[in-house]
Amino acid sequence: MADTDNDIITRILSGDQRAYAGLIDRHKDRAMTLALRMLKNRSDAEEALQDAFVRAFHALPGFERKSSFATWFYRIVFNVCSTALSKRVRVRVASFDADDGDPMKAGEPVSTDMPDIDCERAEFQAIVREEIDAMSEQYAAILTLFFVQDMGYDEITAVTGLPLGTVKNRLFRARVLLQRAVVKRCGNREHAGMEKESER
Amino acid sequence: MKHLSEQDVFDYIDDPSGTAVRDAALHAAECDACRKRIEMHRRIGVSAAGVDTHVLPKNFTARVMLTLGAPKAAPRLSWLSENGANIFAMVFVVGIAGCAVYVALHASPDAAESVYARQYSLWRDAYASVMQVFAARNREVFLPVVSETKGIFSSVFLIGAAALVLLGSLDKLRSLSRVFRIR
């Protein structure tokens, strides 16, 4: 049976530092997904992730195991990426903590005009990922924590340090925006396909 | 007919067994438009859950470990170079012990010129040479034992030594298995 994160941490703290490689291998891909979606740049994300792993290693003796290692570690990744973002020269109109004033409301009925989507699974997945990558980091990060890390509201709150209401609101907006973008792309693609068919 | 709100749809997808979504489920059963929306969000969720593997370079873990200054996983050649002497010693000692035991059990006093006896002499001389190097201070103790006990006591001694070397090697092998498991 594979060691749990806690087993590995116990080994590390008892002197087997090489065991940390197991933790890295276990979490690096998901953490990289988060870093990449926040920083939008592969080398920056890699650097941030390396920094996060080094920080986590040195902070491990202070890890009280009140939450899972994943939650604790993703908070470090999130903070490192947020710091990297804030250091960028590019001035952002909206910071990560600021709401963007989108008038969407959670209970508001939306357009039910949903086209039939008949994308191949791989294509559809590629479109979804591209659209997440194209979103602002505040939405991309929360979507990644929710879908990729499979975190609930409370865990996302713990990772981002945002209030629960903000997390709920932001996740709602992100999902609606993502759905609109995907439908738009798939719809356009289908429309283009239909035009090609009619030209024949 | 009033359609489901987006929040209703999300609640239904995230926790379909929840009691709060019972009305949404009933509505979705009758409303084609809302059923499509639910299906679309579900597909998006599944697609968004994919992890971007193979994005990181293969040596990423090793790089982080290097940054930490943690002991690196030793490459195989390095392990061989470190433990080659141990392995040689183990083979050497086991060979002497085996030969000594065989001669002690099977070689008759008249078989001094037999092949086995000659091999025994060969191994005994080699063993004596090693003892001269590694146990020069105790030469007076070890050499008479080798030459006078016809291999019986030295066999016991050598088997014990072989067991110690073997245990040491097993420990090394355990370390090696940890190294490979980490990789």
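Procedures and definitions
Residues numbered from 1 in each chain as written. Chains lettered and ligands numbered in written order. Predicted model: local features only at pLDDT ≥ 70, side-chain atom pairs only at ≥ 80, totals over all residues. Helix = DSSP H or I, 4+ residues; strand = E, 2+ residues; numbered from the N terminus. Buried ≥ 20, exposed ≤ 12 C-beta atoms within 10 Å, placed from the backbone. Axes fitted to C-alpha atoms, helices over the stretch in contact; angles between N-to-C directions. Parallel < 35°, antiparallel > 145°, perpendicular 65-115°, else oblique. Left-handed = near helix turned anticlockwise from the far one by under 90°. Contact = placed C-beta atoms within 7 Å. Nonpolar A, V, L, I, M, F, W, Y, C, P; charged D, E, K, R; others polar. Expected span 1.5 Å × (residues − 1).

I tried to follow unusual backbone geometry on my own but got confused; where do I start?
Negative phi values dominate among residues other than glycine, just as trans dominates among peptide bonds. All names here are of chain A. In this structure, R65 takes a positive phi of about 65° despite not being glycine. Secondary-structure assignment places R65 in the loop between α3 (42-59) and α4 (69-87). On the basis of neighbour count, R65 is assigned to the exposed category, with 11 C-beta atoms found within 10 Å. A positive phi angle, near 55°, is found at D150, a position not held by glycine. Tracing the backbone shows D150 in the loop between α6 (137-148) and α7 (153-160).

Is there a simple way to explain the packing of α3(A) against α4(A) in this structure?
Helices that pack against each other are described as a pair by the angle of their axes relative to one another and the distance between those axes. Residues and elements named next belong to chain A. In contact at an axis separation of 9 Å, α3 and α4 are set at 130° when each is read in the N-to-C sense. It follows from the interaxial angle that α3 and α4 lie oblique. The element α3 and its partner α4 pack so that their crossing is right-handed. On α4, the residues touching D44, A48, L49, D51, A52, R55 and A56 of α3 are F73, I76, V77, V80, C81 and A84. Considered class by class, the residues forming the contact of α3 with α4 number 10 nonpolar, no polar and 3 charged.

Help me understand α4(A) in this model?
Every α-helical turn comprises 3.6 residues, leaving residues that sit three or four positions apart pointing alike. Residue and element names in this part refer to chain A. Here α4 spans 27 Å end to end across 19 residues, near enough to the 27 Å set by a 1.5 Å rise per residue. Those residues of α4 lying buried are W72, F73, Y74, V77, F78, V80, C81, S82 and L85. Among the structural elements, α2 (20-39), α3, α6 and α7 are those in contact with the buried residues of α4.

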